[in-house]
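Given next are the chains, with one letter for each unit.
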Amino acid sequence: MRVDFPPMVSCQGLVKSFTDKKRGDVHAVDGVSFECRPGEIFGVLGVNGAGKTTLLRLLATIIEPNGGTATVGGYDIRTQAQEVRRNIGFLSTTTALYGRLNPREMIRYLGSLYGLTGQDLTARTEAAIAKLGITDFADRLCDRLSSGQKQRVSIARTIVHDPPVMFFDEPTTGLDVITSRTIIEFIEECRTQGKTVLFSTHIMSEAERLCDRIAVIHDGKLAAIGTLDELRNQTGQSHLERIFLALIGELTAA
Amino acid sequence: MSAIPLIYKKELREFLRDRRVLMSSVLMPMFLVYILFTFLGSFTKFLSQESKESEIAVVNIDNGQPLLDSPFVKKGFKIRSVPSVDMGVTMVREKTVKLCVNFKSDLKKALATGDGGAIDVLIDKKSIPAAIALGVFKEAVKQLNAAHGKQVLASKNLTEKDITPLSVNEVAATEAKEEGPAMLASLLPYFMVLFAFFGGMTMAGDVVAGEKERGTLETLLVSPASRLDIAIGKLLSMATLCFTSSLSGVIGVVLVGITGVTQKGEMFKGAQHLGPGEIGVMLVTLIPLVAMFAAMLVAISAFAKNQREATTYASAISVLVMVPAIASQFIGFTDFGSRAWIGLVPILNTATVFQQVFNGQLNGTVFALTLTTSTVLAALCLWFAVRMFQRESVLFRV
């Protein structure tokens, strides 16, 4: 883990609440604070509904916080949202492709939205196509691609503008082993390239394999944060699954 | 650089690759109008021929010679002599003839003596073609009476004026003008307005709600494109679709004119005054209407949780669109079209302006009020649609 760089993602006391018809007032993210640095994979671990997606959406400026502050790439998520968005890549569970565009058009479209133009746009698009092995089906409509091919296109569109910060929101949920491996390897590659990676998951094995540090989030609150060893010491458990359950149990008991 | 042109271009590309759009929004209005107008043209011709070539059964044919020899009857009817009234009635029932005419007395004698010239006409009262044939027959009798009257008056050194001293003169109070193309003025405005809405409705579910379902909206929101840019890009593409769909109906009419469909002369009679100015007025009137429809559809799509919900809402709204559009059909039978308040009723006002343009009777006040009303409503719908894009609770309502 590199600790000599300033944090690329930093949040202090981030809060997001909303009113739900069935559940009343919900604190989806409740006073969350952490930092992560370049070359680090920072895992956000939690059960479904714990607040992981809301946290990532806040940092990606898709939704606005009710309290607290955060910066991404040195830009404030409240006042410099557009700059924040320029510096991030966001990959979620869904492949989020336009079925009636082909991969080349899809990647070009996203690249142009990130301000790429002319030869630069063409070069970056073709580089992403080559890197992800999309060349053979680059001109086929996305609707006609297999799940694995779609996932590769989805990765390509997140990296076309070469963002320094990557957000992965449960990217392997529902995918087969081979497609999952493509994504896992891509996340590892991001770390090698010195990117800052925020990786939300509820799959313990992936978190154990990938994450330099892990934040356990439960009911919107940060239950614990640290390296795997630090969490082991804190809970006295050896496997992440048991660590996780212990942390949630502690929190629930408290 | 604004993301609006990028989003607009991408939306159009997707629209063009969607068969539903090509079929429902682009081709269907054109072909529907083409087929309908072709059918109406052929039907008009059929009716006209039907009345011209009516066959009638005649009993006691010798008694009716003065009438049957008149040019009016010779031109309008084919005569079939039958031996009895019963046979004539059977033929009327079997619809092999339109009427059965029984000359009970000799018309020559009746004309000479001025007495006993009653003619029985047996008719199927439920039949419209028979009613038309009866009208033509009565006109023939009237003309024969008139010709006979003239002879009688002449024999007594009198003229028509001596027996009809009073007369009514019609004086045109307005500039004499050829009548407008009735069929076009009645139907086309109605179609143009409806197609503008229904053309866009095809993609109402897809444009935002569909993106929510597929997860692509999140991809778009996480890009540097502002929400305003996204909303306007989608609105413009939707407006283009509405506009294209409306114009597609007009192209259908142009095709009717080009391809030489029967009765097209009758259909386009009175449409010669339609020049660039008139077309310009119609386009200017159409633009705020399609902007309003596009904004309504995008707002509905943004509000809906999914495509199905968006389509349900859009279907409900379509009823509100159809009512004033249908009302425009009846405006032509009244003098409401020239009243200022028409310009304040959305949708109806646009259809009315189109009708006035077709008839060459554009009312300046109605036109100005229509433009103002449509523009204000379009701006309101636009504001509402953009607001939908600013609200997290709406955009993430899944």
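Here the structure is a predicted model, which is why all the values come from computation and not from measurement.

K.L.:
Tell me what's going on with the overall build of chain B, and back it up with residues and numbers.
P.N.:
Along its length, chain B carries 18 helices and 4 strands. Each of the 398 residues in chain B was classed as buried or not, and the buried ones make up 40%. Across chain B, the fraction of contacts at a sequence separation of at least 24, relative to all contacts at a separation of at least 6, is 77%.

K.L.:
An account of the overall build of chain A is requested, with residue identities and associated values reported.
P.N.:
Within chain A one finds 9 helices and 10 strands. Over its C-alpha trace chain A gives a radius of gyration of 18 Å, about what one expects of a compact globule, namely 18 Å for 254 residues. Structurally, chain A occupies a C-alpha span of about 55 × 45 × 40 Å along its principal axes. A total of 254 residues make up chain A; the buried ones form 49% of that total. The contacts of chain A with a sequence gap of at least 6 include a subset with a gap of at least 24, amounting to 69%.

K.L.:
I'd like a rundown of the sheet that holds strand β6 (residues 88-91) of chain A, residues and numbers included.
P.N.:
All names here are of chain A. Read from one edge of the open sheet, 6 strands run β6-β7-β8-β3-β9-β10, paired in mixed fashion. Because the sheet does not close on itself, it has two edges, and the strands there are β6 and β10 (221-226). Adjacent strand axes in the sheet meet at a mean angle of 15°, parallel and antiparallel pairs treated alike. Here strand β3 (residues 41-45) runs beside strand β9 (residues 213-218); their pairing, made up of 4 bridges, is parallel. Paired with glycine 43 across the strands is isoleucine 214, a residue of β9. Contacts between helix α6 (residues 177-192) and the sheet are confined to β3, β7 (165-169) and β8 (196-201), with β8 contributing the most and set at about 150° to the helix.

K.L.:
I'd like to hear about the packing of helix α15 (residues 307-331) of chain B against helix α16 (residues 348-359) of chain B, residue by residue, with values.
P.N.:
Residue and element names in this part refer to chain B. α16 packs onto α15 with a crossing angle of 35° between their chain directions and a minimal axis gap of 8 Å. Seen from above, α15 lies across α16 with right-handed handedness. Between α15 and α16, the contacting residues are Pro324, Ala325, Ala327, Ser328 and Ile331 on the first element and Leu348, Ala351, Thr352 and Gln355 on the second. When grouped by side-chain class, the residues that make up the contact of α15 with α16 number 6 nonpolar, 3 polar and no charged.

K.L.:
Please set out the interface of chain B and chain A residue by residue, giving values where relevant.
P.N.:
Each partner contributes to the interface: chain B provides 20 residues, whereas chain A provides 21 residues. Where the side of chain B that touches chain A is concerned, the elements lending two or more residues are α1 (4-16) and α11 (216-221) of chain B. Grouping the amino acids of the side of chain B that touches chain A by side-chain chemistry returns 7 nonpolar, 5 polar and 8 charged.

K.L.:
Provide a residue-level description of the environment of B:Leu67, including the pertinent values.
P.N.:
Residue and element names in this part refer to chain B. With respect to the helices and strands, leucine 67 occurs in helix α3 (residues 65-68). Leucine 67 gets classed as buried once you count the C-beta atoms within 10 Å, which come to 23. Residues leucine 67 and valine 141, 74 residues apart in the sequence, show an inter-C-alpha distance of 7.0 Å. Residues within four places of leucine 67 in sequence aside, it is in contact with Val73, Leu107, Ala140, Val141 and Leu144.

K.L.:
Please give an account of the nonpolar core that cites residues and values.
P.N.:
A:Leu59, B:Leu235, B:Ala294, B:Ala295 and B:Val298 are the most contacted members of the largest nonpolar core, which has 158 residues in total. The residues contacting A:Leu59, other than those within four sequence positions of it, are A:Val9, A:Cys11, A:Ala70, A:Val72, A:Ile77 and A:Phe167.

K.L.:
Just give me the short version of the confidence of the model for chain B, but keep the residues and values in it.
P.N.:
Residue and element names in this part refer to chain B. Across chain B, the average pLDDT comes to 84, with 89% of residues at or above 70. Mean pLDDT across the elements of chain B bottoms out in helix α13 (residues 264-268) (63) and peaks in α1 (94). For this predicted complex, the interface confidence reaches an ipTM of 0.89, while the overall pTM sits at 0.79.

K.L.:
Would you mind going over helix α7 (residues 128-155) of chain B in detail, with residue names and values included?
P.N.:
Residue and element names in this part refer to chain B. A rise of 1.5 Å per residue sets the reference length of α7, with its 28 residues, at 40 Å; its end C-alpha atoms lie 41 Å apart and thus fit the reference within 8%. Residues of α7 that are buried include every one of Ala130, Ala133 and Phe137, and no others. Two residues or fewer past α7, asparagine 157 is found with a positive phi of approximately 55°.

K.L.:
Give me the lowdown on the sheet that holds strand β2 (residues 77-82) of chain B, citing residues and values where you can.
P.N.:
Residues and elements named next belong to chain B. What the 4 strands build is an open sheet, ordered β2-β1-β3-β4; its pairing is mixed. One side of each edge strand has no neighbouring strand; the edge strands of this open sheet are β2 and β4 (119-123). Strand-to-strand twist of the sheet, defined as the mean angle between neighbouring strand axes without regard to direction, takes the value 25°. As paired elements, strand β1 (residues 54-59) and β2 share 6 bridges and run parallel to each other.

K.L.:
Could you give an account of the environment of B:Ile79, naming the residues involved and the relevant values?
P.N.:
All names here are of chain B. Following the sequence through the fold, isoleucine 79 ends up in strand β2. A count of 15 C-beta atoms within 10 Å places isoleucine 79 in the partly exposed class. Linking isoleucine 79 and isoleucine 61, residues 18 residues apart in sequence, is a C-alpha distance of 9.2 Å. Ignoring anything within four residues of it in the chain, the contact list for isoleucine 79 reads Ile56, Val58 and Leu68.

K.L.:
Before we move on, could you go through the pairing of strand β4 (residues 67-72) of chain A and cite the residues and values that matter?
P.N.:
Residues and elements named next belong to chain A. By the bridge criterion, 5 bridges tie strand β1 (residues 9-20) to β4 in an arrangement that is antiparallel. Of the residues in β4, the one forming a bridge with valine 15 is glycine 67. Strand direction decides the pairing type here: β4 and strand β5 (residues 75-76), joined by 2 bridges, are antiparallel. Looking at the pairing, threonine 71 lines up with aspartate 76 of β5. The antiparallel hairpin formed by β4 and β5 contains 2 residues in its connecting segment, where glycine 73 sits at a positive phi of about 65°.

K.L.:
Tell me about unusual backbone geometry, and please be specific about residues and values.
P.N.:
All names here are of chain A. We note that threonine 61 has phi near 65°; this positive angle belongs to a residue other than glycine. Phi at aspartate 162 is positive, roughly 50°, even though this residue is not glycine. Structurally, aspartate 162 can be placed in the loop between α5 (147-159) and β7. Residue aspartate 162 is classed as partly exposed on the basis of its C-beta count, with 14 C-beta atoms lying within 10 Å.

Parameters and conventions
Residues numbered from 1 in each chain as written. Chains lettered and ligands numbered in written order. Predicted model: local features only at pLDDT ≥ 70, side-chain atom pairs only at ≥ 80, totals over all residues. Helix = DSSP H or I, 4+ residues; strand = E, 2+ residues; numbered from the N terminus. Buried ≥ 20, exposed ≤ 12 C-beta atoms within 10 Å, placed from the backbone. Contact = placed C-beta atoms within 7 Å. Rg over C-alpha atoms; globule rule 2.2 N^0.38 Å. Pairing = 2+ DSSP bridges. Axes fitted to C-alpha atoms, helices over the stretch in contact; angles between N-to-C directions. Left-handed = near helix turned anticlockwise from the far one by under 90°. Nonpolar A, V, L, I, M, F, W, Y, C, P; charged D, E, K, R; others polar. Core = buried A, V, L, I, M, F, W, Y, C linked by C-beta atoms within 7 Å. pLDDT = per-residue confidence, 0-100. Expected span 1.5 Å × (residues − 1).

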